Amino acid sequence: MNILAIESSCDETSAAVITNGNIRSNVVATQLIHTLYGGVVPELASRAHQQHILPVVDKALNDAKIAKKDLDAIAFTKGPGLLGALLVGTSFAKSMALGLDIPLIEINHMQAHVLAHFIDNPKPAFPFLCLTVSGGHTQIVKVTGPLDMEIIGETRDDAVGEAFDKTAKLLDLPYPGGPLIDKYAAQGNPQAYPFPLPEMQGLDFSFSGIKTSFLYFLQKQVRQNPDFIQENIADICASIQYTLIDILLKKLKKASRETGIKEIAIAGGVSANSGLRKSLQELGQQLGWNVYIPAFEYCTDNAAMIAIAAHYKFEAGEFCDQTVSPLARMEF
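Along each chain, the written sequence defines residue order, and numbers are assigned to residues from 1. Under the rules for a predicted model, residues below a pLDDT of 70 receive no local features and side-chain atom pairs below 80 are neither given nor counted, while totals for whole chains, interfaces and linings still include all residues. Hydrogens and waters are ignored; side-chain quantities use all the structure's heavy atoms.

A. Spotlight on the side chain of Glu 263. Note that Glu 263 resides in strand E9 (residues 263–267). Each residue is placed in one exposure class: buried if its accessible area under a 1.4 Å probe, protein chains only, is under 20% of its type's maximum, exposed if it is over 50%, and partly exposed if it falls in between. Counted as positive: Lys and Arg. Counted as negative: Asp and Glu. His and the chain ends are not counted at all. Salt bridges are defined by distance alone: a side-chain nitrogen of Lys or Arg within 4 Å of a carboxyl oxygen of Asp or Glu. Of the side chains bearing the opposite charge, Lys 262 lies closest to the buried Glu 263, which forms no salt bridge; the N-O distance is 10 Å. Among the polar contacts made by the side chain of Glu 263, one reaches the main-chain amide nitrogen of Ala 125 at a distance of 3.0 Å. Contacts are assigned to residue pairs with any non-hydrogen atoms lying within 4.5 Å of each other. When residues no more than four places from it in sequence are discounted, the contact partners of Glu 263 are Pro 124, Ala 125, Pro 127, Phe 128, Leu 129, Asn 290 and Tyr 292. Only DSSP runs of H or I reaching four residues or more are called helices, and only runs of E reaching two or more are called strands; each is numbered from the N terminus. In protein, a polar contact means a hydrogen-donor-capable atom and an acceptor-capable atom, both N or O and within 3.5 Å, with residues adjacent in sequence counting only if both atoms are side-chain atoms; elsewhere, any N or O pair within 3.5 Å suffices.

B. Region of the structure containing the layout of surface pockets. Considered as a void within the structure, the second largest pocket measures approximately 460 Å³ in volume. As defined here, a cavity is a set of points on a 1 Å grid over the protein atoms alone where a 1.4 Å probe fits but cannot get out. A pocket is an open set with protein on both sides within 12 Å along at least five of seven lines, and residues line them when an atom is within 4 Å of a point. In terms of lining residues, the second largest pocket is bounded by 20 residues, among which Tyr 242, Ile 245, Gly 275, Ser 279 and Glu 282 are the most central. For the lining of the second largest pocket, the secondary structure elements donating two or more residues are helix H5 (178–185), helix H7 (228–259) and helix H8 (274–287). Ranked by residues supplied to the lining of the second largest pocket, first place goes to H7 with eight residues. Tallied by class, the residues present in the lining of the second largest pocket amount to eight nonpolar, six polar and six charged. Grid points are joined across faces, edges and corners, and a volume is the space filled by probe spheres set on the points. Under the scheme applied, nonpolar residues are Ala, Val, Leu, Ile, Met, Phe, Trp, Tyr, Cys and Pro; charged residues are Asp, Glu, Lys and Arg; polar residues are all the others, including Gly.

C. Region of the structure containing the pattern of salt bridges. Counted according to the given criterion, the structure contains eight salt bridges. Between Arg 47 and Glu 43 there is a salt bridge, and its shortest N-O distance comes to 3.1 Å. Residue Arg 47 and its partner Glu 43 are both found in helix H1 (residues 42–64); the two are separated by four residues, about one turn of the helix. By relative accessible area, Glu 43 is classed as partly exposed at 47%. Here Lys 59 and Asp 63 are joined by a salt bridge, their closest N and O atoms 3.3 Å apart. Remark: Asp 63 and Lys 59 occur in helix H1; sequence separation between them is four residues, near one turn of the helix. Classification of Asp 63 by relative accessible area gives partly exposed; the value is 36%.

D. Region of the structure containing the environment of Ala 16. With respect to the helices and strands, Ala 16 occurs in strand E2 (residues 12–19). In the structure, Ala 16 is positioned 234 residues away from Lys 250 in sequence and 35 Å away in space, judged by C-alpha atoms. In contact with Ala 16, other than residues within four places in its own chain, are Ile 3, Leu 4, Ala 5, Ser 25, Asn 26, Ala 60, Ala 303, Ala 304 and Ala 307.

E. Representation of the sheet that holds strand E4 (residues 73–79) in the model. The sheet built from five strands is open, its strands ordered E3-E2-E1-E4-E5 with mixed pairing. What marks the edges here is a single partner per strand, and that holds for strand E3 (22–30) and strand E5 (104–108). When the angles between neighbouring strand axes are averaged without regard to direction, this sheet yields 20°. A fitted line through C-alpha atoms represents every axis, and for helices the fit uses only the stretch in contact; the resulting angles, taken between N-to-C directions, go from 0 to 180 degrees. Contacts between H1 and the sheet are confined to strand E1 (2–7), E2 and E3, with E2 contributing the most and set at about 25° to the helix. Across the face of the sheet, helix H9 (residues 303–315) comes into contact with E1, E2, E3, E4 and E5 while running at roughly 135° to E1. Pairing between two strands requires that DSSP report at least two bridges joining them.

Laid out in structure tokens, this is it:
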């Protein structure tokens, strides 16, 4: 069973081939042009996907040593994401599947992030909790099967990835700022500058307040010392990263306590953050959790995670037809 998978939800064009549940290739083309604008520009992203998709798919097939005639299905990201970017991947997948007369498989991008844990060993046992953290989403997902997931907590405003990037922008760090905060934080004192934690009921998150608090903090400090940021960048980054991670792990700890589940995973672009990975492992040791963290290449947007999700949908016989359209917002 050979499946070609395509991911084009934001600013990475990616294609992968999976055979009987084993990833044979995973090719990603990253769009560097957005660094000039301090964030992803949707129109530029769509044009870049059009430029990249043919060579990326061609390389994925060549790397996997799979001919087009040997494909059994084509999978694609239906949503959520940037509509123009999703249209490129969806249209390409539909056209190729129609030409080869093979089935189409639509994939929810956020569910694919969760299933990235099943690409390599060790794999979490069911049921498990997955903290899915990215630029657009922050969710705690209860996973009882490959195609059986339930969101039990999510952000009510900004995602944690947004909080990282926007605080980095306030520090005048280039886009994407999240990895740079992580880099500086490794050299700083996380207790140097305390920030207030949001009060949210249940398992939901909020990150808009911490951004506002951070803005006022910087404004006050810079008024007193114009060189405050440059002189204290490591401590500032360590402190804000510590606070954001603390918000995430407090809710995850509560979710584990309420559900009784100790199989704990993280996924999404922010799961590449070294501070989060280390803190989760330390908390897991304290609480007796089995912790699962994906390889870096499967944290950010990639087609391998689309492929593994497609593998399970193929086995379940869940296909879509040529009338399918992408969705910028998509229910889980």
